[in-house]
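Coordinate inspection notes
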Amino acid sequence: MAQTVKVRLRKPSRIHTFISKNLSLCRNDPCIVRSDRGLEYGVCAMPPEDCSPEEEKRYKMSVVRRATHHDDTTYRQIGIDEERALEKCREKIRERDLPMKLVECEYAFDRKKIIFYFTAEDRVDFRELVRDLAQDLKARIELRHIQVRDEAKIVGGVGTCGRELCCTTWMREFVPISMKMAKRQNLSLNPAKISGQCGRLMCCLSYENDQYSSVKKAKKPKPSGDPAEIRGRMEAEPTEAVRALKDSTLSDIIGDEVADVIGDEVAAPGATDSEVEQPTQDKGQSSDPSKDGGDSGAQTPEKAKEAANRSNGKGTEGGGGRRKRRRRRRRGGGGGGGGGQGSQGGQGGQGKSSS
């Protein structure tokens, strides 16, 4: 029956799940496992446990055998060879003055492949470096450009919380971190206080970010209020009430049905006032011939003449026409009704002489 076992690999120092078949392992027992990178040396972190056939299909990596004396010797020799390869690679980088920082070196367990990890700000042409290392180390060389977060993951360290870095112990993938996460959690926005060993924002800012987002997205309860008080405020400020109803702000507070009823009642008085004021203004602009004729005695001669003209049907034009006639009468009156003036001027002169 298949079993699952937890094994801590040599590099990176993490615990992975492997499938073991008819192999007895105890805690801290060295073993050889087959991963996606080939054969690797590891240490059992948790004894094997029975698993179902469905669970067995989930894991592709398996335990090959228990580590032998020869495997232990190879493991110790690999550590010595990695230190020698690091020094050799650093020497070649200094000779060629390449803008790169060497981070780590990893030997495959069969010692046929060497992987160098480095960081650099820009792209680096290391083809000649690879040829030199392949000739000196007699193995297949691979150089991998990693980011600063991956560097902290490989090197390791202790965070501001006093615990070992999350990326070194259990994190497998990095998630995007932004300043909005710190702002949403009401944390300090000083980058020096929320940055990790890698110089980037700490990964732990994302642990509780979803909880803060879900609370803000939850709909707030509608505040309870007195309908009479709400109606009074809306009637006191009908313009703001109508605007708020259009923006659906009051509908969220007092409900859609109540807001519609109150909006109709509040908008009706405003419409009625405008309709009532408009006829009143029209009446003020229109003239009643009988009333104008009765007040003509108290008016000036020019205004009396204008009222008489309106009573005769001549005042049907707009305010601009009346002003033009008034200016013509004034010019006609000043000239005594001379022949150079028009017919309106003559009438104006006659009207003034008769008055």
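Read on for a plain summary of the structure.

Calculation rules
Residues numbered from 1 in each chain as written. Predicted model: local features only at pLDDT ≥ 70, side-chain atom pairs only at ≥ 80, totals over all residues. Heavy atoms only, no water. Pairing = 2+ DSSP bridges. Helix = DSSP H or I, 4+ residues; strand = E, 2+ residues; numbered from the N terminus. Axes fitted to C-alpha atoms, helices over the stretch in contact; angles between N-to-C directions. Contact = heavy atoms within 4.5 Å. Buried < 20%, exposed > 50% of the residue type's maximum accessible area, 1.4 Å probe, protein only. Core = buried A, V, L, I, M, F, W, Y, C linked by side-chain atoms within 4.5 Å. Salt bridge = Lys/Arg side-chain N within 4 Å of Asp/Glu carboxyl O. Arc of directions from axis to C-beta.

What about the sheet that holds strand β6 (residues 101-107)?
Strand order in the open sheet formed by three strands is β6-β7-β8, and the pairing between neighbours is mixed. In this open sheet, the two strands that pair with only one neighbour each are β6 and β8 (140-145). Geometrically, the sheet is characterised by an average inter-axis angle of 20° between neighbouring strands, direction not taken into account. Relative to strand β7 (residues 113-119), β6 runs antiparallel, the two being bridged by six bridges. Counted as the bridge partner of Y107 is I114 from β7. Packing against the sheet, helix α3 (residues 127-137) makes contact with β7 and β8, and its axis sits at approximately 140° to β8.

So, the environment of I154
Relative to the assigned elements, I154 resides in helix α4 (residues 148-155). I154 gets classed as partly exposed once you look at its relative accessible area, which sits at 32%. Placed 142 residues apart in sequence, I154 and P12 show a C-alpha to C-alpha distance of 6.9 Å. The residues touching I154, leaving out its near neighbours within four places in the chain, are V103, E104, Y117 and I146.

Describing the nonpolar core
Judged by nonpolar contacts, the single largest core of 25 residues is most densely connected at M100, I114, F116 and L143. When contributions to this core are tallied by element, the ones reaching two or more residues are α2 (69-96), β6, β7, α3 and β8. Take this core: its biggest share by element is five residues, from α2. F116 has contacts with A85, C89, L102, E104, C105, L133, L137, I141, E142, L143 and R144, leaving out every residue within four places of it along the chain. Ranked by size, the runner-up nonpolar core spans ten residues in total, among them V5, V7, L25 and C31.

Things to note about the pattern of salt bridges
Tallying each qualifying case throughout the model produces 16 salt bridges. Between D71 and R65 there is a salt bridge; the shortest N-O distance is 3.1 Å. With a closest N to O distance of 3.8 Å, R90 and E87 form a salt bridge. One end of the pair is R90 and the other is E87, both in helix α2 and three residues apart, which spans about a single turn. The exposure class of R90 is partly exposed, given its relative accessible area of 29%. A single salt-bridge network, built from bridges that share partners, covers R37, E40 and E106.

Here's the deal with α3
All buried positions along α3 are accounted for by L129, D132, L133 and L137. Viewed along the axis of α3, the buried residues span an arc of 110°, placing them on a single side of the element. Opposite the packed face of α3, turned more than 90 degrees from it, sit the exposed residues R127 and Q135. Close packing links the buried residues of α3 with α2, β7 and β8.

Let's talk about the side chain of T168
With respect to the helices and strands, the residue T168 is situated in helix α5 (residues 166-169). Overall, T168 belongs to the buried group, its relative accessible area being 13%. Excluding its chain neighbours within four sequence positions, the residues that come into contact with T168 are S13, R14, A152, K153 and G156.

Some details on the environment of E56
By secondary structure assignment, the location of E56 is in helix α1 (residues 53-58). Residues E56 and I19, spaced 37 residues apart in sequence, show a C-alpha to C-alpha distance of 7.0 Å. Once you skip the residues sitting within four places of it in the chain, E56 turns out to touch A2, I19, K21 and C51.

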